[in-house]
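# Inside the fold
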Amino acid sequence: MEITPGLYLVSTPIGNLEDISHRAVRILNSVDMIYCEDTRVSKKLLNHYQIKKQLFVYNDFSGEISRNEILSILMDDKAVALISDAGTPLISDPGYKLVKLCKQKKIPIYTIPGPSALTSSVVVSGLPTDKIYFLGFLPGTASKRKNELQKIKKLDATVVIFESAKKIYKTLNEIQNYFGDIEIVITRELTKIFEEVITNKISNILSEINNKSVKGEMVILFNTSELITNNLDITEVENDIRKLINDLPVKQIANMIHMKYDLPKKMVYDLCLKSKKTK
Ligand code: SAM
């Protein structure tokens with residue numbers, strides 16, 4: 001089948017093999033070459049859809065030489081697809097440096113959208129979806145992990161962290177140390193047979209994990225508005241607002257309170273509106 005030359009970033013399922021678009025299958029069938037992280041993993045997908053293409057490896061260990069090889073193929077007016085083991089390539093997966101290089105060299109780049117553990121976890125979490133802060137995997141060293149978690153403290157967003165079963169206990173312990181026993185959501189094995197979405201206090205999840213070995217792919221989510229209010233007497237803030245609500249415009253009060261308590265403006269604004277209604 002005819003295909004426009006260029007680099008195609010093709011999303012593939014995160015578990016259930018049916019979760020792939022018609023377009024993705026057509027593109028994989030049409031490109032000249034498919035690059036993937038692990039040929040054994042991607043072979044299963046290709047076999048399922050009877051896509052008879054040879055697979056080539058582009059993964060975390062691929063360096064400049066591999067990228068230049070792919071670039072020269074693309075410069076030869078070929079169509080190349082990049083897929084990862086699961087989900088959307090480049091989302092905590094290889095590909096960024098390749099895309100950057102292709103962009104510099106004016107190679108056309110196309111996204112073939114589809115599943116990602118990021119979006120799938122957010123939408124089933126029941127947490128606010130208007131602002132999302134994606135941390136990917138936390139770094140390896142203790143000081144860098146601490147740094148990343150510190151940054152979260154002043155956000156007003158739903159935080160998303162990818163984690164492996166091996167490290168989940170350690171990461172949950174760290175989150176509890178920094179932010180207290182907050183309620184979090186864990187999505188596990190989404191779209192697979194044993195998929196689950198757990199919402200609970202960290203301490204409850206930790207004691208459950210302690211009693212059994214946890215397996216599978218998982219994502220941790222929590223909303224930071226809880227962190228902000230956790231360390232603060234919210235009635236003090238509400239009292240301040242109540243004293244001002246009849247005399248000043250809401251916008252001005254929101255600004256003052258935001259400065260005084262270092263709280264997110266949106267949160268203060270909502271408290272002002274609530275106070276106005278109950279007057
Ligand atoms: N690029 C992929 C994507 O868009 O979904 C993510 C790749 S990242 C290397 C793998 C991480 O994604 C896992 O450690 C886990 O945190 C998350 N993940 C992947 N599949 C999942 C699933 N079915 N359910 C829950 N989390 C999943």
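Residues numbered from 1 in each chain as written. Predicted model: local features only at pLDDT ≥ 70, side-chain atom pairs only at ≥ 80, totals over all residues. Heavy atoms only, no water.

### Looking at the packing of helix α6 (residues 142–152) against helix α7 (residues 168–179)
At their nearest, the axes of α6 and α7 sit 11 Å apart, and the two run at 50° to each other. Accordingly, the angle class assigned to the pair α6 and α7 is oblique. When you trace α6 past α7, the crossing you get is right-handed. Judged by residue contacts, R145, K146, L149, Q150 and I152 of α6 engage K170, T171, E174, I175, Y178 and F179 from α7. Grouping the constituent residues of the contact of α6 with α7 by class yields 5 nonpolar, 2 polar and 4 charged. (Axes fitted to C-alpha atoms, helices over the stretch in contact; angles between N-to-C directions. Helix = DSSP H or I, 4+ residues; strand = E, 2+ residues; numbered from the N terminus. Parallel < 35°, antiparallel > 145°, perpendicular 65-115°, else oblique. Left-handed = near helix turned anticlockwise from the far one by under 90°. Contact = heavy atoms within 4.5 Å. Nonpolar A, V, L, I, M, F, W, Y, C, P; charged D, E, K, R; others polar.)

### Observations concerning the site of the ligand
Near the ligand, the surroundings consist of 19 residues, among which I91, D93, S116, A117 and M218 are the closest. A distance of 2.8 Å separates a nitrogen atom of the ligand from a polar side-chain atom of D93. Note that an oxygen atom of the ligand is positioned 3.3 Å from one of the backbone N or O atoms of E163. Burial of the ligand by the surrounding chains reaches 92%, relative to a free accessible area of 570 Å². When atoms are counted within 2 Å of each cavity's grid points, the one that captures over half of the ligand is the largest pocket. For the shell around the ligand, the elements supplying multiple residues, two or more each, are β7 (158–164) and β10 (217–223). (Near = heavy atom within 4 Å. Polar contact = N/O pair within 3.5 Å; in protein donor to acceptor, adjacent residues only side chain to side chain. Areas by Shrake-Rupley, 256 points an atom, 1.4 Å probe, with all protein chains shown as cover. 1 Å grid on protein atoms, 1.4 Å probe; cavity = no way out; pocket = protein on both sides within 12 Å on 5 of 7 lines; lining within 4 Å. Sits in = over half its atoms within 2 Å of the grid points.)

### Focus on the pairing of strand β1 (residues 6–10)
The buried fraction of β1 is high, at 5 of 5 residues. As judged from the 4 bridges shared by β1 and strand β4 (residues 79–82), these two strands associate in the parallel manner. By the bridge assignment for β4, L9 is matched with L82. (Buried < 20%, exposed > 50% of the residue type's maximum accessible area, 1.4 Å probe, protein only. Pairing = 2+ DSSP bridges.)

### Examining the domain arrangement of the protein chain
Taken as a whole, the protein chain is organised into domain 1 (6–115), domain 2 (118–225) and domain 3 (232–278). Put simply, the middle of domain 2 and the middle of domain 3, counted by C-alpha atoms, are 30 Å apart. (Domains from an automatic or database assignment.)

### Describing the sheet that holds strand β6 (residues 132–137)
As summarised here, the arrangement of the 5 strands in space is β6-β7-β10-β8-β9, forming an open sheet in which the pairing is mixed. For this open sheet the edge positions go to β6 and β9 (196–201), each flanked by a neighbour on one side alone. Averaged over all adjacent pairs, the angle separating strand axes in this sheet is 20°, with direction ignored. Taken together, the 5 bridges between β6 and β7 define a ladder with parallel strand orientation. Each bridged residue has a counterpart across the sheet, and for Y133 the counterpart in β7 is V159.

### Re the state of the cysteines
Such a bond, covalent and formed between the sulfur atoms of two cysteines, is termed a disulfide. Taken as a whole and judged by the stated rule, the model has 0 disulfides. This cysteine, C36, is not joined by any disulfide, and C102 carries the nearest cysteine sulfur, 17 Å off. (Disulfide = S-S within 2.5 Å.)

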